[in-house]
Amino acid sequence: MRKSWAAVVAVLLGTAPVVAAPLTAPPAVALGNGLALTPPMGWNDWNAFGCNVSEQLVEQTADKIVSSGLRSAGYQYVNIDDCWMAGSRSATGDLVPDPVKFPHGIKGVADYVHARGLKLGIYESAGTMTCAGYPGSLGHEQQDANSFAAWGVDYLKYDNCNNLGIPARQRYQAMGNALARTGRPIVYSLCDWGQENVASWGGSVGNLWRTTGDIDATYGRMLSIFHQNVGLADAASPGAWNDPDMLEVGNGMTATEDRSEFSLWAEMASPLIAGTDLRHASATTLATYGNKEVIAIDQDRLGRQGRPVSMTGGLDVLAKPLADHSVAVALFNENAAPAKISTTASALGLPAANGYTVRDVWAHTTTATAGPVQAFVPGHGTVLYRVAATSTPGRYPPHVMLTTTAPAWSAGTSATVTSTLTNNGVGTAADVRLGFAAPTRWAVTPLSRTYFARIPRGGTAVATFRVTAPAVLPAPITRSTVSGTASGHAPGGTWLATASRPVELSAPVKPPFHTFSDTTAVFGAQGGRLAVDGAGADLWGDTDQYSAIYQHAAEHDGSTTLVEVAAQGRTSEWAKAGIMVRDDITAPGTSPGYLILAEAPGKGYVLQWDSTGSGHLDSNSAPPNQGTATAVYPSWLKLVRAGTTFTGYYSTDGTTWTRLATATVPGATAAQDVGVFTSSHSDGTPGEADFSDFTQH
């Protein structure tokens, strides 16, 4: 399924918690082709590249999977999505690889991938055309299956576009039968978007089946998909897996959100199919994909999908039984603020025991608990434990929970912070010290005792600190991390615990500048630099969501406005940041005289304006849905006004200017508001734009 359809689904579903509907029929008996006995692991090009797939991309990615260690971590499949073929079949009716994108054909790519100890996946659709408009396999199932087998394909993703209304099970079974008749082992992935109750029959037809519409690289969409998939555990078993879509790790969510997605997918025994550009992935992204302890939970041979133990107020506990009789436990905080999440060994289904080991598979530490299993979980974060009964809990440090309050700071202000340590271990925690860690130039002063000789089992220790933020920030909007700390003695040495909280500080915006937002935003201004961290669905047509730092009534006939766009978050290829002019910036959707000169990460530079005086942008300097090219940072923007006519320019060096367009804007008053703005083009997901040297004369 393609993104346009997914966007509609996202609008319909929203991001509110949704309890997955139970299956209307018992899950089918697994296909039994001996394949995908654990959830498939690999890579697919679609999330990062769309139709821009090529032989070179696939082969370079295969090399990266090997060199990065991901192959040794379990990643096998290098999967080609839509747009790999020519626009029509051959004279004999065969599919034809695009000769430009794949000069050596799919067979050549398969040989390259196989030589590196990996397997190749291909894409088709159970319809007359693929979702991107290429020849579909409906009515050509055996011919196409024979081609895939002859080429050496190991995995087929079979989409659902242009299906003529034919029942899904009929169409998917036809291709499944054709694949079986080839005699080649080909993992069969049904991509019917969770329709027609696929979880009740998908296992008898294929090895995995999509349970949802398309994912995208936003936390809200990831959360919605999690809720749709989490209630379908009855359908999953070795060789038959619920598929909540490819991973977006590395594509724009925060590192915390990336870890949550990876943890939750592993907990739900989901396929782990990377959807980012692995060739240029950061060390953090590769470490997330390569965490072997998390992968082991996903790949556990028992093949059980984790089930909810509790899901209340956005605080979720999931339990996944494992083959060694331990239980993988995901503590997921759906909310923005950090929160305590608790369960018990008994609630997880573990037997009575002297104690229980708690293995944190992200921190790679092991503690012991008398029964409580707890964590202070960051907003949008997931703590993933492996919990097992033990007869010797005294060999391990105590399972403690440290919580830390985080008041709101601004530049130069002080606040009182409270840290609380709870001892969940089987015995007394000894020689405990509580502390508080803050970045350089912050000041921390204890206000209470911080040393505790003994904390009994189930007991707590509390310490308070006065914490002062610096008066001058490194940037107008500065993000830091502050952490409560705890340490103590245990068998084998000293144990440590931390409770970290993100902190966002902003330098105040002062006259002559003002701020406005009709979405969520943080503003900062310091030393000639301006910053706006704002959300917003878009600025176009009836949608008019933005955040701005502006000067009131400063734009006039003969004025020139200049600004450097130093950086911009890539929340979307159409995220916009730049100069805004309108009669009243505080009246979105209604105020005329409206024009923006903007930069968009994936579209380049545009001049957009309201040509009718309606208060809505409706005209673009480039063809529909286009800009000049890919954006460059830093860039400079210049807007020149003559009467009610505006001319926009951009520069990538601050010296040489390129004219974008000239536009006449009806309703422009003699003195208009003017300033810098951003809109993330991703409703609910903020993105920061940084500006320097704003001048208006």
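Owing to the predicted nature of the structure, the values given are computational and were not obtained by experimental measurement. (Residues numbered from 1 in each chain as written. Predicted model: local features only at pLDDT ≥ 70, side-chain atom pairs only at ≥ 80, totals over all residues. Heavy atoms only, no water.)

**Details of helix 7 (residues 168-182)**
Here is the rule we go by: The helix and strand labels rest on DSSP assignments: H or I over at least four residues marks a helix, E over at least two residues marks a strand, and numbering proceeds from the N terminus. Take the number of residues in a helix, subtract one, and multiply by 1.5 Å to get its expected span. Relative accessible area decides the class of each residue, using a 1.4 Å probe on protein chains only: under 20% of the type maximum gives buried, over 50% gives exposed, and in between gives partly exposed. The directions from the helix axis to the C-beta atoms are what the arc is built from. Note on definitions: a residue-residue contact is assigned when non-hydrogen atoms from the two residues lie within 4.5 Å.
Given a rise of 1.5 Å per residue, 15 residues ought to cover 21 Å, and the 22 Å separating the end C-alpha atoms of helix 7 matches this to within 8%. Along helix 7, the residues classified as buried are Ala 168, Arg 171, Tyr 172, Met 175, Gly 176, Ala 178 and Leu 179. Around the axis of helix 7, the buried residues are gathered within 160 degrees of arc, so they sit on the same side. Exposed residues lying more than 90 degrees from the buried face of helix 7 are Gln 170, Ala 180 and Arg 181. Buried residues along helix 7 sit against helix 6 (141-151), strand 4 (155-159), strand 5 (187-190) and helix 8 (202-205). Within two residues after helix 7, Gly 183 carries a phi angle of roughly 80 degrees, on the positive side.

**Topic: the nonpolar core**
Let me state the cut-off plainly: Here, nonpolar core means buried Ala, Val, Leu, Ile, Met, Phe, Trp, Tyr and Cys residues that are tied together by side-chain atoms lying within 4.5 Å of each other.
Of all hydrophobic cores here, the largest spans 89 residues; its most connected members are Trp 84 and Phe 262. When residues no more than four places from it in sequence are discounted, the contact partners of Trp 84 are Val 53, Leu 95, Pro 97, Asp 98, Phe 102, Ile 106, Ile 122, Tyr 123, Phe 148 and Trp 151. Of all hydrophobic cores here, the second largest spans 31 residues; its members include Leu 607, Leu 660, Ala 663 and Phe 694.

**Focus on the packing of aromatic side chains**
To keep things clear, this is the line we draw: Here a pair means two rings of Phe, Tyr or Trp (six-membered ring of Trp) with centres within 6.5 Å. Their orientation is stacked below 30 degrees between planes, edge-to-face above 60, and tilted elsewhere. We count a charge as sitting over a ring when the NZ of a lysine or the CZ of an arginine lies within 6 Å of the ring centre and within 35 degrees of the ring normal.
Per the stated rule, a full pass over the model turns up 14 aromatic pairs. Centre to centre, the rings of Tyr 158 and Tyr 188 are 6.1 Å apart; their planes meet at 45 degrees, and the pair counts as tilted. Highlighted residues: Tyr 158 in strand 4 and Tyr 188 in strand 5, separated in sequence by 30 residues. Of the two residues, Tyr 158 and Tyr 188, both sit in the buried class. Both rings, one in Phe 262 and one in Trp 362, keep their centres 6.5 Å apart while their planes meet at 65 degrees; by these two values the pair is edge-to-face. Remark: Trp 362 occurs in the loop between strand 13 (355-360) and strand 14 (365-369) and Phe 262 occurs in helix 10 (residues 255-267); sequence separation between them is 100 residues. No difference in accessibility class separates Phe 262 from Trp 362, as the two residues are buried. Three or more aromatic residues link up through ring pairs in this structure, and these residues are Tyr 75, Phe 262, Tyr 289 and Trp 362. Against the face of Tyr 112 rests Arg 116, its NZ or CZ located 3.5 Å from the ring centre.

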